[in-house]
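Structural description and commentary
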Amino acid sequence: VQLQASGGGLVQAGGSLTLSCTTSGRTFSTWFMGWFRQAPGKLREFVAAISYRDRKIYYTESVKSRFTLSRDNAKSTVYLRMNSLKPEDTAVYYCASNPYYSSSHLQDSRYYDGWGQGTQVTVSS
């Protein structure tokens, strides 16, 4: 599966951005689509994921109530709407595809087999 992420940019604290991830290729082998982020000098961390089977959505605690993950099947696109952005949200954001049926390892990047190129999100204080 091929992934194309877009939508990053520079925004002031409290602002909003929407990231998009368009998929193509062998999408039938994907059970989850996820977003990760990586700030300078830090490990890549899980942000959110959506199940293709039951549309259940998972968020890391720090973004709950601020970020909303959704998908548009007709456009083969997953969206990450980010509200109330904070400087600590600054990172490169990556979308990724997970081919595993179980949700047990959604936060582990090793279980994702396809990655987008990353899009920079910078939140100024």
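Below or above, wherever it landed, is the structure these notes cover. (Residues numbered from 1 in each chain as written. Predicted model: local features only at pLDDT ≥ 70, side-chain atom pairs only at ≥ 80, totals over all residues. Heavy atoms only, no water.)

1. Side note on the overall build of the protein chain
When helices and strands are counted, the protein chain shows zero helices and 11 strands. Reading the secondary structure of the protein chain in the N-to-C direction produces β-β-β-β-β-β-β-β-β-β-β. The C-alpha atoms of the protein chain give 13 Å as radius of gyration, which agrees with the globular expectation for 125 residues (14 Å, within 12%). Counting only C-alpha atoms, the protein chain reaches 40 × 30 × 25 Å along its principal axes. Sorting the 125 residues of the protein chain into buried and exposed places 42% on the buried side. Residue pairs in contact within the protein chain that sit at least 24 positions apart in sequence constitute 55% of those at least 6 positions apart. (Helix = DSSP H or I, 4+ residues; strand = E, 2+ residues; numbered from the N terminus. Rg over C-alpha atoms; globule rule 2.2 N^0.38 Å. Buried < 20%, exposed > 50% of the residue type's maximum accessible area, 1.4 Å probe, protein only. Contact = heavy atoms within 4.5 Å.)

2. Here's the deal with the environment of C95
Relative to the helices and strands, C95 resides in strand β9 (residues 91-98). Beyond its immediate stretch of four places on either side in the chain, C95 contacts L3, A5, C21, G34, W35, G114, W115 and G116.

3. Details of the nonpolar core
Membership of the largest hydrophobic core comes to 24 residues, with the highest contact counts inside it found for W35, V47, F67, L80, M82 and Y93. If you list the elements that add at least two residues to this core, you get β1 (2-6), β3 (17-24), β4 (32-38), β5 (45-51), β7 (67-72), β8 (77-82), β9 and β11 (119-124). Residues within four places of V47 in sequence aside, it is in contact with W35, F36, R37, Y58, Y59, T60, V63, F67, L80 and Y93. With seven residues, the next largest nonpolar core counts F32, F36, F46 and L106 among its residues. (Core = buried A, V, L, I, M, F, W, Y, C linked by side-chain atoms within 4.5 Å.)

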